[in-house]
There are 2 protein chains.
Amino acid sequence: MPTSTPVTESGGRRLRADAERNRARVLNAARELFAERGANVSMDEVARHAEVGVGTLYRHFPTKEAMVVAASQQRFGEILTYYRTVCRESAEPLEALQMLLTRVGEVEARDRGFASVVGGTLGSEGPPSTMRADLEAELVDLVGKGQASGSIRRDIAGADILALTCGLTSIVHRRSGDWRRYIDIVLDGLRSDHITP
Amino acid sequence: MPTSTPVTESGGRRLRADAERNRARVLNAARELFAERGANVSMDEVARHAEVGVGTLYRHFPTKEAMVVAASQQRFGEILTYYRTVCRESAEPLEALQMLLTRVGEVEARDRGFASVVGGTLGSEGPPSTMRADLEAELVDLVGKGQASGSIRRDIAGADILALTCGLTSIVHRRSGDWRRYIDIVLDGLRSDHITP
DNA sequence: GAGTCAAACGGAGGGAGGTTCCGTATGCCA
DNA sequence: TGGCATACGGAACCTCCCTCCGTTTGACTC
């Protein structure tokens, strides 16, 4: 369900009605095509699918990369929401982490564009920065809790979980085997109960 | 040190002297440029750097991707050799694995083209197939030994190590933090001594 | 050495994809 | 309804990868 609040440009100015409509069409087309085939879809094709000219694409997004990122932002938000729910319901940090990573993998397996963005196959450096910061904050919190309760080893930081997520992403993205098992392996590696001091 | 044995085409036919010379120049240029800047170097640039026409590039390598792979094959061979030495000298499978992964990370950190190939950022599916098969065979052997001696958990196959290596690669490639620590985490996850049966 | 010919070379040009530019259309506000 | 900033479309441009073909050159024979 797309936002019904008035869409604004990054400048904060309000969009003209046709511009708002077109922006939505473009985002929908982008989400659909990128999810199915990854970033390997031409701008012409997105434009055609959205029934819009290429120029309009560039009116709304500075580059193709920005468009792919914008198209996956929704997924990112969904995952963050899910994760917060899990945290509220589950007491055990490692369990919450497992559910998060599994969800990320599932979404990535279904949405190749999202996987590209998370994995950063697209030139720059990973997930959209605000989203990344939000998730990292949550993870810092979680890791802290796990360390306090003694379940997570001490030499880990919240940011490490993000890096490990990127690693998982590349495995999911390349469809090598059953990625769920790798989550278990990494989680076992994060436990503190088998470290010899 | 380049091979001094007569270079032959994949067909097995012997190359003409100028062709052999040019092939070496191209490979050297490719190795240098790709190591430094990843696969993000144009064929024109490689040709200019090798003082050769673009056509010559395509006489020796069918596609750019094939060239990047060929340029990183040497590195792959070095790593395999190193790994075999380690295996001969070290009795402990997990230790050998740690040394292998560390070496892979070090080479990737220094050679972005190699990292692209291992990570498979390049379209198709990972390391050159013969090299991949050789390494996988070694890993199957190693994992078997570790499982027999009880140090490695039972639900792991040799191929899993390759997948995990791809994950590590994407972390190294993106320069996120200190990748060496992630090796320790994964290796701890591979141990059998903390699994509750 | 000179002749012959397959092998190899160079680089212009085809084609695809991302991005820009600008003349035209259109929503918005007075 | 008129004026104008905003937005649109798509041709054109640039950069890449790759192909094609006329020219050059090494290798082998006589």
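What this report covers is the structure whose coordinates are included nearby.

The rules behind these values
- Residues numbered from 1 in each chain as written.
- Chains lettered and ligands numbered in written order.
- Predicted model: local features only at pLDDT ≥ 70, side-chain atom pairs only at ≥ 80, totals over all residues.
- Heavy atoms only, no water.
- Helix = DSSP H or I, 4+ residues; strand = E, 2+ residues; numbered from the N terminus.
- Buried < 20%, exposed > 50% of the residue type's maximum accessible area, 1.4 Å probe, protein only.
- Contact = heavy atoms within 4.5 Å.
- Areas by Shrake-Rupley, 256 points an atom, 1.4 Å probe, with all protein chains shown as cover.
- Near = heavy atom within 4 Å.
- Polar contact = N/O pair within 3.5 Å; in protein donor to acceptor, adjacent residues only side chain to side chain.
- Nonpolar A, V, L, I, M, F, W, Y, C, P; charged D, E, K, R; others polar.
- Buried area = accessible area lost by both parts, 1.4 Å probe.
- Salt bridge = Lys/Arg side-chain N within 4 Å of Asp/Glu carboxyl O.
- Axes fitted to C-alpha atoms, helices over the stretch in contact; angles between N-to-C directions.
- Parallel < 35°, antiparallel > 145°, perpendicular 65-115°, else oblique.
- Left-handed = near helix turned anticlockwise from the far one by under 90°.
- Least-squares fit on C-alpha atoms with pLDDT ≥ 70 in both.

So, about the overall build of chain A. When helices and strands are tallied, chain A shows 9 helices and 0 strands. Counting only residues that meet the buried cut, chain A has 49% of its 197 residues in that class. For chain A, the proportion of contacts with a sequence separation of at least 24, taken over those separated by at least 6, is 63%. When the accessible area of chain A is evaluated, it comes to approximately 9,900 Å², of which 50% is carbon and sulfur surface.

We now examine the protein's contact with DNA strand C. Lining the immediate environment of DNA strand C, one finds 23 residues, of which A:Met43, A:Lys64, B:Arg16, B:Asn22 and B:Thr56 sit closest. Separating a phosphate oxygen of DNA strand C from a backbone N or O atom of A:Ala17 is a distance of 3.2 Å. In the model, a phosphate oxygen of DNA strand C is placed 2.3 Å from a nitrogen or oxygen of the B:Thr56 side chain. A per-element tally of the surface near DNA strand C places helix H3 (residues 54-60) of chain B first, with 5 residues. Looking at the surface near DNA strand C residue by residue, the class counts come to 9 nonpolar, 7 polar and 7 charged.

If you look at the interface, chain B gives 27 residues, while chain A gives 28 residues. For the pairing of chain B and chain A, the buried interface totals around 2,100 Å² over both sides, and the portion due to carbon and sulfur atoms is 59%. The interface formed by chain B and chain A holds 4 salt bridges in total. Of the charged contacts in the structure, one is a salt bridge between B:Asp188 and A:Arg153, with a shortest N-O distance of 2.7 Å.

Turning our attention to the protein's contact with DNA strand D. Surveying the vicinity of DNA strand D reveals 22 residues, the closest of which are A:Arg16, A:Asn22, A:Thr56, B:Met43 and B:Lys64. Taking A:Asn22, its side chain carries an N or O atom lying 2.5 Å from a phosphate oxygen of DNA strand D. Separating a phosphate oxygen of DNA strand D from a side-chain N or O atom of B:Tyr58 is a distance of 3.0 Å. Only helix H1 (17-37) and helix H3 (54-60) of chain A together with helix H1 (17-37) of chain B provide two or more residues apiece to the surface near DNA strand D. Residues that form the surface near DNA strand D fall into these classes: 8 nonpolar, 7 polar and 7 charged.

What follows deals with the packing of helix H8 (residues 158-173) of chain A against helix H8 (residues 158-173) of chain B. Taken N-terminus to C-terminus, the directions of H8(A) and H8(B) make an angle of 130°; their axes are 8 Å apart at the nearest point. As judged from the angle between their axes, H8(A) and H8(B) are oblique. Relative to H8(B), the crossing made by H8(A) is right-handed. Contacts between H8(A) and H8(B) involve A:Ala163, A:Leu164, A:Cys166, A:Gly167, A:Ser170 and A:Ile171 from the first element and B:Ala163, B:Leu164, B:Cys166, B:Gly167, B:Ser170 and B:Ile171 from the second. When grouped by side-chain class, the residues that make up the contact of H8(A) with H8(B) number 8 nonpolar, 4 polar and no charged.

Next up on the list: the relation of the copies chain B and chain A. Under the fitted operation, chain B is carried onto chain A by 0.1 Å of movement along the axis and a turn of 179°, and the coordinates agree to an RMSD of 0.1 Å. Such a turn and shift between the copies fits a two-fold axis. Looking at the interface residues of chain B, 100% of them are also at the interface in chain A, so both copies use one shared face.

The tally for this structure, following the rule as stated, stands at 24 salt bridges over all chains. For A:Asp160, the salt bridge identified is with B:Arg181, shortest N-O distance 2.9 Å. With one member in each of two chains, A:Asp160 in helix H8 and B:Arg181 in helix H9 (residues 179-190) form a pair that bridges those chains. Here A:Asp160 falls in the buried class, since its relative accessible area comes to 5%.

It is worth stressing that arrangement in space is one thing and function is another; only the former is reported here.
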